[in-house]
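# Survey of secondary and tertiary structure
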Amino acid sequence: MNEYPALVIDDDVWMQRIISKVLEGFGFTTYIASNGFDGVALALEHRPLIIFLDIMMPELSGHLTLKMLKRLRTTKDIAVIMISALSDAENLGLAVKMGAVDFISKPFTRATVLDKLRNI
């Protein structure tokens, strides 16, 4: 089975494990960052095919992390799926406007992640 790099940027350890486990089940090799700064560094280093990015994080929010990723030549074309318990239209609209390809609301299922991956 081919393995593809994926990056999970989330400050919640349990969410990191859940998303990582689901992605690994679909053949991805996952890298994990607990904050936006480390996430950007890992994205530059590993150039993942996809990034799962939490919106609400300390230090650097998911929106600001996305903004940084989309401004860097090396990471601007990486598909980013935003993840958050905030499913309001304002957060969704801002994420899409900033370059996210999709949005997943917490809690989610394995089938939801697969569906989002297929759409990309």
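Residues numbered from 1 in each chain as written. Predicted model: local features only at pLDDT ≥ 70, side-chain atom pairs only at ≥ 80, totals over all residues. Heavy atoms only, no water.

## Remarks on the pattern of salt bridges
All chains considered together, the criterion is met by three salt bridges. Salt-bridge contacts for K106 lead to D10; the nearest nitrogen and oxygen are separated by 3.6 Å. A residue pair is termed long-range when its members are at least 10 positions apart, and K106 in the loop between β5 (102-105) and α5 (110-119) and D10 in the loop between β1 (4-9) and α1 (13-25) qualify at 96 residues. The class of D10 is buried, set by a relative accessible area of 1%. Through salt bridges with shared partners, one network takes in D10, D54 and K106. (Salt bridge = Lys/Arg side-chain N within 4 Å of Asp/Glu carboxyl O. Helix = DSSP H or I, 4+ residues; strand = E, 2+ residues; numbered from the N terminus. Buried < 20%, exposed > 50% of the residue type's maximum accessible area, 1.4 Å probe, protein only.)

## Overview of unusual backbone geometry
In this structure, the amide linkage connecting K106 to the following residue, P107, adopts the cis form with an omega of -5°. Assignment of secondary structure puts P107 in the loop between β5 and α5. Non-glycine residue R47 carries a positive phi angle of around 45°. Tracing the backbone through its elements, the reader meets R47 in the loop between α2 (36-46) and β3 (50-54). The class for R47 is exposed, based on a relative accessible area of 53%. Its identity as a non-glycine residue notwithstanding, E59 has a phi of 70°, on the positive side. With respect to the secondary-structure elements, E59 resides in the loop between β3 and α3 (62-71).

## Quick word on the confidence of the model for the protein
Model confidence for the protein is summarised by a mean pLDDT of 90, while 96% of its residues fall at 70 or above. For the protein, helix α4 (residues 89-97) is the element with the lowest average pLDDT, namely 75, and α2 is the one with the highest, namely 97. (pLDDT = per-residue confidence, 0-100.)

## Brief notes about the side chain of D10
Within the local environment of D10, its side chain forms a polar contact with the backbone nitrogen of D12, the two atoms lying 2.9 Å apart. With residues near it in sequence (within four places) discarded, D10 still touches M15, Q16, A33, S34, D54, M57 and K106. (Polar contact = N/O pair within 3.5 Å; in protein donor to acceptor, adjacent residues only side chain to side chain. Contact = heavy atoms within 4.5 Å.)

## Considerations on the packing of α1 against α5
The relative placement of two packed helices is expressed as an angle between their axes plus a distance between the axes. Closest axis-to-axis distance for the α1/α5 pair is 10 Å, and the angle between their directions is 60°. It follows from the interaxial angle that α1 and α5 lie oblique. Where α1 crosses over α5, the handedness of that crossing is right-handed. Packed against α1, whose contacting residues are V22, L23 and G25, the element α5 presents R110, V113 and L117 at the interface. For the contact of α1 with α5, the class distribution of residues is four nonpolar, one polar and one charged. (Axes fitted to C-alpha atoms, helices over the stretch in contact; angles between N-to-C directions. Parallel < 35°, antiparallel > 145°, perpendicular 65-115°, else oblique. Left-handed = near helix turned anticlockwise from the far one by under 90°. Nonpolar A, V, L, I, M, F, W, Y, C, P; charged D, E, K, R; others polar.)

## Describing the environment of N119
The residue N119 is located in helix α5 in this model. Look at N119 and you get exposed, because its relative accessible area is 56%. As for N119 and D102, which are separated by 17 residues in sequence, their C-alpha atoms are 8.9 Å apart.

## What about the pairing of β3?
Most of β3 sits inside the fold, with five of its five residues counted as buried. Both β1 and β3 contribute to a ladder of four bridges, which runs parallel. Note on β3: the bridge partner recorded for A6 is I50. As paired elements, β3 and strand β4 (residues 79-84) share five bridges and run parallel to each other. Across the sheet, I50 pairs through a bridge with A79, a residue of β4. Regarding topology, α3 serves as the crossover connection from β3 to the parallel β4, and that connection is right-handed. (Pairing = 2+ DSSP bridges. Right-handed = clockwise from strand over helix to strand, strands pointing away.)

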